[in-house]
Amino acid sequence: KAFFKYKPVITVPHAQQMEEGSEVSEVNIARGLTVILTNWRCLVMIVVSFFMTFRSRTIYIVTTSLWMEQIYGLSASECGWTTIAIIVGEVIGLMGIQFCAWRVKLKTAALVCLLIQLLCGSVPLLILTWIDGNTIDGFLWVAIVLIVSLSMGHESFYVIQQTNAVTYTPSPRYTRMLLLVERLSQEIGAIFALWFTAKLWLSF
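These figures come from a predicted structure and were not determined experimentally.

Let's talk about the nonpolar core
- W67, M68, Y72, I136 and A143 are the most contacted members of the largest nonpolar core, which totals 17 residues.
- Of all the secondary structure elements, the ones that give two or more residues to this core are α2 (40–71), α3 (80–100) and α5 (140–167).
- The dominant element in this core, judged by the number of residues it contributes, is α5, at 6 residues.
- Residue contacts for W67: discarding those within four places in its chain leaves V62, Y72, L125, T129, N134, I136, A143 and W201.

Printed below as a string of structure tokens:
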């Protein structure tokens, strides 16, 4: 007591600290969402993510499941080849993006990815089914190659979309939130795609 001066330590209850922290967190989340949802670039990326996922999921459901089972008559185990085809296409797409990442501009890479989906997958599929029927004259391997092309274009464009979010985020502090909002938009698009595709297929 002769050498030390006693001062009481004032502690904040743990519950109060948690409450104050949650209030700050909620304010930051609300502020981040406001910034993202009022930025036109972010809105474009979110909308594109929705329709990109909606389109890709409808294509995957039709080409890798309904088309294979009901048109080609494949069993559940044989449909596994379409899953392998998707994986092969995704790997090729990712390798292509990795090769082009530092060699071309972002807008050029996005255009190339869209053209790959259109010219290597969608247009040949439309032409072949129009000429040779839904089974492409029985050539299953051609259908598998088209699935590889479609998944290759989709996966490469998906990477481009994430790169857009990182590049054009309003502020680096909102990058993670923008990616999460984009992911939410993609999942909503996937849900709508599952519902819409099954309903449309059963109706026709």
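The discussion continues.
Things to note about the pattern of salt bridges
- Under the criterion given, the structure shown has 1 salt bridge.
- In this structure, R183 and E187 form a salt bridge, with 3.1 Å as the shortest nitrogen-oxygen distance. One end of the pair is R183 and the other is E187, both in helix α6 (residues 175–203) and 4 residues apart, which spans about a single turn.
- Residue classification places R183 among the partly exposed residues on the basis of a relative accessible area of 42%.

Brief notes about helix α4 (residues 106–132)
- Its 27 residues give α4 an end-to-end C-alpha distance of 38 Å, which sits within 8% of 39 Å, the value for a rise of 1.5 Å per residue.
- Of the residues making up α4, those classed as buried are A109, A110, C113, Q117, G121 and L125.
- In this structure, the buried side of α4 is in contact with α2, α3 and α5.
- The positive-phi residue at the C-terminal boundary of α4 is G133, with phi of around 90°.

Analysis parameters
- Residues numbered from 1 in each chain as written.
- Predicted model: local features only at pLDDT ≥ 70, side-chain atom pairs only at ≥ 80, totals over all residues.
- Heavy atoms only, no water.
- Core = buried A, V, L, I, M, F, W, Y, C linked by side-chain atoms within 4.5 Å.
- Buried < 20%, exposed > 50% of the residue type's maximum accessible area, 1.4 Å probe, protein only.
- Helix = DSSP H or I, 4+ residues; strand = E, 2+ residues; numbered from the N terminus.
- Contact = heavy atoms within 4.5 Å.
- Salt bridge = Lys/Arg side-chain N within 4 Å of Asp/Glu carboxyl O.
- Expected span 1.5 Å × (residues − 1).

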